[in-house]
Amino acid sequence: MLLQSVQVGQPRTTGSPDAADPFDRPMTSAIWKEPVHGPVRVDLLGLDGDAVVDRKHHGGPHQAVLAYPSEHYAAWRMAWGRRDVGPGGFGENLTLQGVTESTACLGDLLEIGDVILEVSAPRTPCQTLARRHGVRDLVQAVRATHRHGWYLRVRRAGLLEAGQPVRLLDRPYPQWTVARAAAVRWQMAERPAEAALLASCPALSPGWRERLAAAAAD
């Protein structure tokens with residue numbers, strides 16, 4: 001595995017206050033990410049220079065870093081007929097090569113440079129991502145293809161840099177790939193037994209565990 005690219009972003013506002021369609025009204029977000037050249041420090045709340053606007057749904061120690069597979073970008077470029085979609089395009093901090101949602105697992109410990117990261121939860125796509133690209137059905141497309149990425153918590157702070165190898169240190173829950181966890185989360189009403197099992201996975205973010213446990217108990 002390889003850390004292909006590193007990105008951070010600051011808040012940006014787009015849209016028109018006069019737009020009749022809510023999809024086109026003003027939105028402030030830090031989903032637009034720019035590449036970082038050279039080492040960047042990562043601490044328990046994320047990368048230096050990276051901002052979080054919606055702190056209710058994003059950020060915090062269990063969503064400190066967002067990762068996305070580089071392999072997905074060719075498919076999005078083909079689907080949209082665009083060439084301007086690449087690393088950072090899905091709001092990720094780390095663009096990884098050689099790993100996808102079907103191979104990454106909850107609890108995976110990854111070493112990059114001085115930093116150790118732990119896979120904490122699938123990324124839940126929202127309308128912010130759809131509006132960033134101007135693609136109205138993007139949330140549905142992301143869920144259908146499982147090209148959503150995943151969050152990481154920081155187990156050891158330090159420096160990392162694009163081009164460094166990514167080393168898998170441990171995989172305690174190989175049964176819970178990111179893709180499977182996401183599928184269970186989005187279909188938890190139809191899959192209560194799996195929802196209960198997923199809720200018991202210690203590596204999963206607490207918010208996810210609470211929602212799954214509640215669904216399994218209904």
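Let us look at the structure shown here. Note that this is a predicted model, so its numbers are computed, not measured.

Calculation criteria
Residues numbered from 1 in each chain as written. Predicted model: local features only at pLDDT ≥ 70, side-chain atom pairs only at ≥ 80, totals over all residues. Heavy atoms only, no water. Helix = DSSP H or I, 4+ residues; strand = E, 2+ residues; numbered from the N terminus. Contact = heavy atoms within 4.5 Å. Pairing = 2+ DSSP bridges. Axes fitted to C-alpha atoms, helices over the stretch in contact; angles between N-to-C directions. Buried < 20%, exposed > 50% of the residue type's maximum accessible area, 1.4 Å probe, protein only. Phe/Tyr/Trp six-rings, centres within 6.5 Å; stacked < 30°, edge-to-face > 60°. Lys NZ or Arg CZ within 6 Å of the ring centre and 35° of its normal. Salt bridge = Lys/Arg side-chain N within 4 Å of Asp/Glu carboxyl O. Core = buried A, V, L, I, M, F, W, Y, C linked by side-chain atoms within 4.5 Å. Expected span 1.5 Å × (residues − 1). Arc of directions from axis to C-beta.

This part covers the environment of Arg-132. Examined against the element boundaries, Arg-132 turns out to sit in helix 2 (residues 127–133). Sequence-distant contacts of Arg-132, that is, excluding residues within four places in its chain, are made with Met-27, Ile-31, Trp-32 and Gly-89.

An order of 4-1-8-7-11-10-9-13 is seen for the eight strands of this open sheet, with the pairing classed as mixed. If you trace the sheet from one side to the other, it starts and ends with strand 4 (34–35) and strand 13 (167–170), each paired once. Pairing of strand 1 (residues 2–8) with strand 4 involves two bridges; the strand directions are antiparallel. Looking at strand 4, one finds that Gln-7 is bridged to Pro-35. Helix 1 (residues 72–80) rests against strand 7 (65–69) and strand 8 (94–97) of the sheet, and its axis sits at about 70° to strand 7.

Once that is clear, we can look at the environment of Gly-163. Relative to the assigned elements, Gly-163 resides in the loop between strand 12 (158–160) and strand 13. Here Gly-163 falls in the partly exposed class, since its relative accessible area comes to 48%. For the pair Gly-163 and Gly-38, spaced 125 residues apart in the sequence, the C-alpha separation amounts to 9.7 Å. Among all residues touching Gly-163, those that are not within four sequence positions of it are Leu-2, Leu-3 and Gln-4.

Read across the sheet, three strands follow the order 6-5-12 without closing on themselves; strand pairing throughout is antiparallel. The open sheet is flanked by strand 6 (46–47) and strand 12, the only strands paired with a single partner. Two elements, strand 5 (residues 40–43) and strand 6, share two bridges in a ladder whose sense is antiparallel. Looking at the pairing, Asp-43 lines up with Gly-46 of strand 6.

A separate point is the packing of aromatic side chains. Taken as a whole and assessed by the stated rule, the structure comprises six aromatic pairs. Ring centres 4.7 Å apart and planes at 15° place the aromatic pair Tyr-68 and Phe-90 in the stacked group. With a gap of 22 residues between them, Tyr-68 in strand 7 and Phe-90 in the loop between helix 1 and strand 8 connect regions that are remote in the sequence. A relative accessible area of 0% means that Tyr-68 is categorised as buried. Residue class for Phe-90 comes out buried when judged on its relative accessible area of 0%. Seen from the ring of Trp-76, Arg-147 lies directly overhead, with NZ or CZ sitting 4.1 Å from the centre. Here the guanidinium or amino end of Arg-180 rests over the ring plane of Trp-176, the centre of that ring lying 3.8 Å away.

With that settled, consider the pattern of salt bridges. Working definition: two side chains of opposite charge can pair if their charged atoms are close together. Per the stated rule, a full pass over the model turns up 12 salt bridges. Across the salt bridge formed by Glu-34 and Arg-12, the nearest N and O atoms sit 3.7 Å from each other. With Glu-34 in strand 4 and Arg-12 in strand 2 (residues 12–14), the pair connects residues that are 22 residues apart, well separated along the chain. A relative accessible area of 36% means that Arg-12 is categorised as partly exposed.

Now for the environment of Ala-213. Mapping Ala-213 onto the fold places it in helix 6 (residues 206–217). Placed 13 residues apart in sequence, Ala-213 and Ser-200 show a C-alpha to C-alpha distance of 8.2 Å.

Val-65, Leu-94, Leu-106, Trp-150, Leu-152, Leu-160 and Leu-212 are the most contacted members of the largest nonpolar core, which has 40 residues in total. Ranked by residue count, the leading element in this core is strand 10 (residues 115–122), at four residues.

Between its first and last C-alpha atoms helix 6 spans 16 Å; for 12 residues at 1.5 Å apiece the expected length is 16 Å, and the two agree. Along helix 6, the residues that are buried comprise Trp-208, Leu-212 and Ala-215. Across the axial projection of helix 6, the buried residues extend over an arc of 60°, all falling on one side. With respect to the buried face of helix 6, the exposed residues turned more than 90 degrees away are Glu-210 and Ala-217. As for helix 6, its buried residues are in contact with strand 10, helix 4 (178–186) and helix 5 (192–199).

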